[in-house]
Amino acid sequence: MSIKEYKPGTTFHGVIGRTVEESSPAWPRPLRARPGSPNVLFIVLDDTGFGQLSCYGGLCNTPHFDRLAENGLLYTNMHTTALCSPTRACILTGRNHHSNHMAGITEISTGYPGYDGLIPFENGFLSEILQQRGYSTFAIGKWHLTPAEQTSAAGPYERWPLGRGFDRYYGFLGGDTHQYYPDLAYDNHRVDPPRTPEQGYHLTEDLVDKAIQFISASKEVAPDKPFFMYFCTGAMHAPHHVPREWADKYKGRFDMGWDKARELIYKSQLELGLLPPGTQLTPMDPDVPRWDSLSEDEKRLSARMMEVFAGFLEHTDHHVGRLLERLERMGELENTLIMLISDNGASPEGGRVGSVNENKFFNFVPESLEENLAALDELGGPKYFNHYPWGWAWAGNTPFRRWKRETYRGGTSDPFIVHWPQGIQAKGEIRTQYAHAIDMVPTVLEALGLEPPERIRGVTQSPIEGVSLLCTFNDAGATSRHTTQYFEMLGHRALYHEGWRAVCAWPGPSFVEGGPFGQRLTKEDLLRLDKEGWQLFHVAEDFSECQDVAEQHRDILIAMITRWYVEAGRYNVLPLDGRGQERFGEERPRLTRERTRYVYYPDTDMVPSTVGVNVLNRPHSITARVEIPKGGVEGVLVAQGGNDGGYCLYMKEGKLHYVHNYVGTGLFHVESQEEVPEGLLELRYEFEPTGRAEVKAGRGTPGRGRLFIQGRQVGEVELPFTTPLMMGLGGGLSVGRDNGSPVSPDYQMPFSFTGRILEVVIDVRGERVEDRESAEREALARQ
């Protein structure tokens, strides 16, 4: 006997009589995908340039990514927004980043429709669409689409992955994380990594393990139910973390320097047919030093940093390969539509000489060649938060100029591979049609035979702004359907239209030069910039943007500028905003009121720095109300930050300790002169400033730190300077344990407190020194 079903929300299709015998049942139809519907897998790499994968001519081995290209399609004309969160919003919605209100990252949101960082619910995610069509939906890895102040346990959760159509989530909510001590969220709560670095833990392996677990758990119960997985690595964003044996594979491979590496990549790209005939290599970037101008020590350090990056990329490829191999063993690979993309060009955020601790940069602490050389043998390990020099980013974006955050092709042109054996007859072919990240959603929908829904959860949907690339799957000569695309990022602008590209850089010192991101322009300044600041490239003939032809084709340039403003009006791009510190310091609605007293409890989620207390450059006290049993205790009372900078109040060997980790370069430590007795106690640390901060010199407020037991002073330390602007990137605030990388080498994380903590109260009073420019430097580098 067949079961009668009817569409949910319509009239009951059975019969209701006085008794069951007189009645006929019918059931609301369960959500089922069409028989034979393909799985969909998006693989999103971070900060990976056009010329870094080996299938794009790069010098890093990526055999599994290459295999996707060999059995699928490799696109040479895919574009992104030049920044992380904006591109990811495009990938998931099929709408432009300003239409998604994601002009930048949420940390620099402003009160205008294109800039407020709140992706509208009328811009449905692909996960929401496919969830309603009977798909399992999984998000893995980096998210960075939730306003920073909404990522704590207080929520709200409507913009977390599970609030935007994903059934399951495992990853990190912010822009970057420590690869050995990550800040992990599982569905709607935070969790600890399953192992320690000493036990062989690495985030990429963990993410792939969870991806395999999610898919396998679904398929073993419902083998015919397709899945959509949004898989986003932390790689290749800093920190460049990888076990040493992977980096050592490349020992000596980059001793030739970035100048020569760029020439080799360019030659390989020509040989592979990735570049149109006649494509020129863009000239030497004025911000990048020539390799032969570096000292031998600088060369040795820079080469090793690139070896670590290359090992990190091959390691990532290896583990993504495990996911692909599992799909193949399950018989799912042939009918899985895979799209692999990077969110923007290679990143220059390591600066001119590279960094072993990005937190130095954010705190105006200069890099020391001597200190960095001392770290050489441990680069890639958990002790350092390293990033290569910007010369390698420039080489990684070959053949283009510039890099991430700028709207030249070095910032916006990215690798894009499509693999779907059951749906694409062509194998190992190159596609040259113009494309943008907003084209991924409409392509998937057309491949699945689905129309965009009119409503999702009762919310009327906005039109999708991308176009489908399906016509290119089996037709290399298909006409490009994406004929016009605007770009805007931090004031940098560009427009593509029918083979031409106009670019206008925002004036002012660049981020990587350590100055403000851009300057506030008057109306007259902008008029002058529109008159004199635009360049024009005929990219149909000049693929790499080598030849500025603005003077020869002034009429075309004027038309392009006009069209840019038309597009800007259509997609919420205005008002143009290249401000730096002012934009970061914009007043925004807060979930909680400002206060001077913060109360924290044990056994709760780690508190993100965006919503936690800020003790820097101000008088403060930390009071732990505890119960010490007979025999004594040990462990962390409260910790904030990580091994790249932070503080911790803890007990060890019967005594009370406080340590201030100054951006990973020095420790100020004080220990109580007597042991802590048993019983209910108040343990306290007080900081009293004794001078003023010299923020631009990398020195926070000097002061005197004191330890107290039951109100009686038991220790004192002079701090000649403190961290000026930002605790470490390795962790937020936690009570009763150190949840991130250990603030002090005096213990191994998590170093859980073995007594009982009732509460920890942190009081902050007095005026705080703020530096909005530097805070923006930190926020923008974490995308």
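Everything numeric here is computed off the predicted structure, so don't read it as measured data. (Residues numbered from 1 in each chain as written. Predicted model: local features only at pLDDT ≥ 70, side-chain atom pairs only at ≥ 80, totals over all residues. Heavy atoms only, no water.)

*Asks:* Requested: an account of the overall build of the protein, with residues and values cited.
*Replies:* Secondary structure assignment for the protein yields 17 helices and 31 strands. By the compact-globule yardstick of 28 Å for 783 residues, the protein fits well, its C-alpha radius of gyration being 27 Å. C-alpha extents for the protein along the principal axes are approximately 90 × 80 × 55 Å. The 783 residues of the protein split such that 62% are buried. Taking the intrachain contacts of the protein between residues at least 6 apart in sequence as the baseline, contacts between residues at least 24 apart amount to 75%. For the protein, the computed accessible surface area is about 29500 Å², with 49% contributed by carbon and sulfur atoms. Each charge class in the protein can be summarised by its mean position, and for the 81 positive and 105 negative side chains these summaries are 3 Å apart. (Helix = DSSP H or I, 4+ residues; strand = E, 2+ residues; numbered from the N terminus. Rg over C-alpha atoms; globule rule 2.2 N^0.38 Å. Buried < 20%, exposed > 50% of the residue type's maximum accessible area, 1.4 Å probe, protein only. Contact = heavy atoms within 4.5 Å. Areas by Shrake-Rupley, 256 points an atom, 1.4 Å probe, with all protein chains shown as cover. Lys, Arg positive; Asp, Glu negative; His and termini not counted. Charge placed at Lys NZ, Arg CZ, Asp CG, Glu CD.)

*Asks:* How would you sum up the packing of aromatic side chains? Please name residues and give values.
*Replies:* Overall, the coordinates contain 34 aromatic pairs when judged by the stated rule. Their ring planes at 85 degrees and their centres at 5.3 Å tell us that Phe42 and Phe228 sit as a pair that is edge-to-face. Taken together, the residues span a long stretch of sequence, with Phe42 in strand β3 (residues 39-45) and Phe228 in strand β10 (residues 227-232) at a distance of 186 residues. Here Phe42 matches Phe228 in class, with each residue buried. Members of the aromatic cluster, connected to one another through ring pairs, are Phe42, Phe125, Trp143, Phe166, Tyr169, Phe228 and Tyr230. Across the ring face of Tyr170, the terminal group of Lys210 is positioned such that the distance to the ring centre comes to 4.5 Å. A cation over a ring is seen here: Arg409 above Phe543, with NZ or CZ 4.4 Å from the ring centre. (Phe/Tyr/Trp six-rings, centres within 6.5 Å; stacked < 30°, edge-to-face > 60°. Lys NZ or Arg CZ within 6 Å of the ring centre and 35° of its normal.)

*Asks:* Describe the nonpolar core, with residues and values.
*Replies:* By size, the foremost hydrophobic cluster in this structure holds 77 residues, and its most contacted members are Leu41, Met229, Phe231 and Trp392. Looking at this core element by element, the count peaks at 13 residues for helix α7 (residues 296-329). Every residue in contact with Met229, bar those within four places of it in the chain, is listed here: Val40, Leu41, Phe42, Phe138, Ile140, Ala211, Phe214, Ile215 and Leu323. With 50 residues, the next largest nonpolar core counts Ala89, Leu173, Ile424 and Ala435 among its residues. (Core = buried A, V, L, I, M, F, W, Y, C linked by side-chain atoms within 4.5 Å.)

*Asks:* Let's hear about the pattern of salt bridges: which residues, and what values?
*Replies:* In total, this model carries 49 salt bridges according to the counting rule given. Of the charged contacts in the structure, one is a salt bridge between Glu263 and Lys260, with a shortest N-O distance of 4.0 Å. One end of the pair is Glu263 and the other is Lys260, both in helix α6 (residues 257-272) and three residues apart, which spans about a single turn. You can call Glu263 partly exposed: its relative accessible area is 43%. (Salt bridge = Lys/Arg side-chain N within 4 Å of Asp/Glu carboxyl O.)

*Asks:* Describe the environment of Leu274, listing the residues and the values that go with them.
*Replies:* Turning to its location among the elements, Leu274 is positioned in the loop between α6 and α7. Leu274 sits in the buried class, given a relative accessible area of 3%. Taking the C-alpha atoms as reference, Leu274 lies 8.7 Å from Thr432; in sequence the two are 158 residues apart. Residues within four places of Leu274 in sequence aside, it is in contact with Cys55, Tyr56, Gly57, Leu74, Thr76, Gln269 and Ile430.

*Asks:* Got a sec to walk through the sheet that holds strand β21 (residues 597-600)? Specific residues and values, please.
*Replies:* The strand order across the open sheet built from six strands is β21-β31-β22-β27-β28-β29, with neighbouring strands paired in antiparallel fashion. The outermost strands of the open sheet, each flanked by one partner alone, are β21 and β29 (712-719). The sheet shows a mean angle of 15 degrees between the axes of neighbouring strands, taken without regard to direction. (Pairing = 2+ DSSP bridges. Axes fitted to C-alpha atoms, helices over the stretch in contact; angles between N-to-C directions.)

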